[in-house]
Amino acid sequence: MAKNTFLKDNQNLIIYGVLIYVGYSKVVKPILDKIGITKTDEELEIERESTKIDSPWNPNYYRQFGSKPVLLSKDEFIEQYLQTIWNSVGYFYDDFDAVLGVFKRLKAKTQVSQLVDKFNQKYKKDLLLWLKGDMWPSDRYSDEQVNQLIQLVKNYKNY
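Residue indices begin from 1 for each chain and proceed along its sequence in written order. Totals for whole chains, interfaces and linings use all residues, but because this is a predicted model, local features are given only for residues with pLDDT of at least 70 and pairs of side-chain atoms are given and counted only at 80 or more. Only heavy atoms go into the side-chain values, all of them from the structure, while hydrogens and water stay out.

## Points about unusual backbone geometry
- Its identity as a non-glycine residue notwithstanding, Lys124 has a phi of 60°, on the positive side.
- Mapped onto the elements, Lys124 comes out in the loop between helix H6 (109-123) and helix H7 (127-132).
- Relative accessible area serves as the criterion here: at 67%, Lys124 is assigned to the exposed category. By the criteria applied, helices consist of DSSP H or I runs no shorter than four residues and strands consist of E runs no shorter than two, each listed in order from the N terminus. For every residue, the accessible area obtained with a 1.4 Å probe (protein chains only) is divided by the maximum for its type, and the residue is called buried under 20%, exposed over 50%, and partly exposed between those limits.

## Regarding helix H8 (residues 143-154)
- Each helix should span, by expectation, one fewer than its residue count multiplied by 1.5 Å. Over its twelve residues, H8 runs 16 Å from end to end, which matches the ideal 16 Å to within 8%, given 1.5 Å per residue.
- Residues of H8 that are buried: Asp143, Val146, Asn147, Leu149, Ile150 and Val153. Looking straight down H8, one finds that the buried residues subtend no more than 150° of arc, so they occupy a single side.
- In this analysis, two residues are considered to be in contact whenever any of their non-hydrogen atoms come within 4.5 Å of each other. Elements that come into contact with the buried residues of H8 comprise helix H3 (41-51), helix H5 (96-105), H6 and H7. Regarding the arc, it is the one traced by the directions from the helix axis to the C-beta atoms.

## Regarding the pattern of salt bridges
- When a carboxyl oxygen of Asp or Glu lies within 4 Å of a side-chain nitrogen of Lys or Arg, that pair is called a salt bridge. Here the structure, examined in full by the defined rule, presents six salt bridges.
- The shortest N-O distance in the salt bridge between Lys52 and Glu49 comes to 3.6 Å.
- The class for Glu49 is buried, based on a relative accessible area of 3%.
- Here Lys122 ties to Glu79 by a salt bridge, and the two come within 2.2 Å at their closest N and O atoms. Remark: Glu79 occurs in helix H4 (residues 75-86) and Lys122 occurs in helix H6; sequence separation between them is 43 residues.
- Residue classification places Glu79 among the partly exposed positions, given a relative accessible area of 32%.
- A cluster of three or more residues bridged by salt bridges with shared partners is formed by Glu45, Arg48 and Lys154.

Here it is in structure tokens:
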């Protein structure tokens, strides 16, 4: 009976493979992510969500349900929510809890879509991408915080 010598014959190959994997995933990739050469999982999730047609972050999402959706009932509430979100950012301090509070008051994906639509109409900006921002002074919220909102909304009922 022949002995299995696969591990012994390929020991160096296996060790080098593991070292390369660990080196890339724990050292190289985080550095590339930090300097912006590659995208983090959070950035990829934000991009996917902002481009999906059937996403509640799409301003037209709530229109597909016709008369069924539960919409925000009063324009004064919508205006208050928009003001809270818009005023939550500053040059040195951003109040993510205020934004999170607005989204926790919403109960359905159609309400999120309606809010996104009104934000787009009023400020001419995509709410999800605006929340993420860019470079200082318009850096706004971290990818992790924006993804927290995405995950919160994913758990809502459609309407």
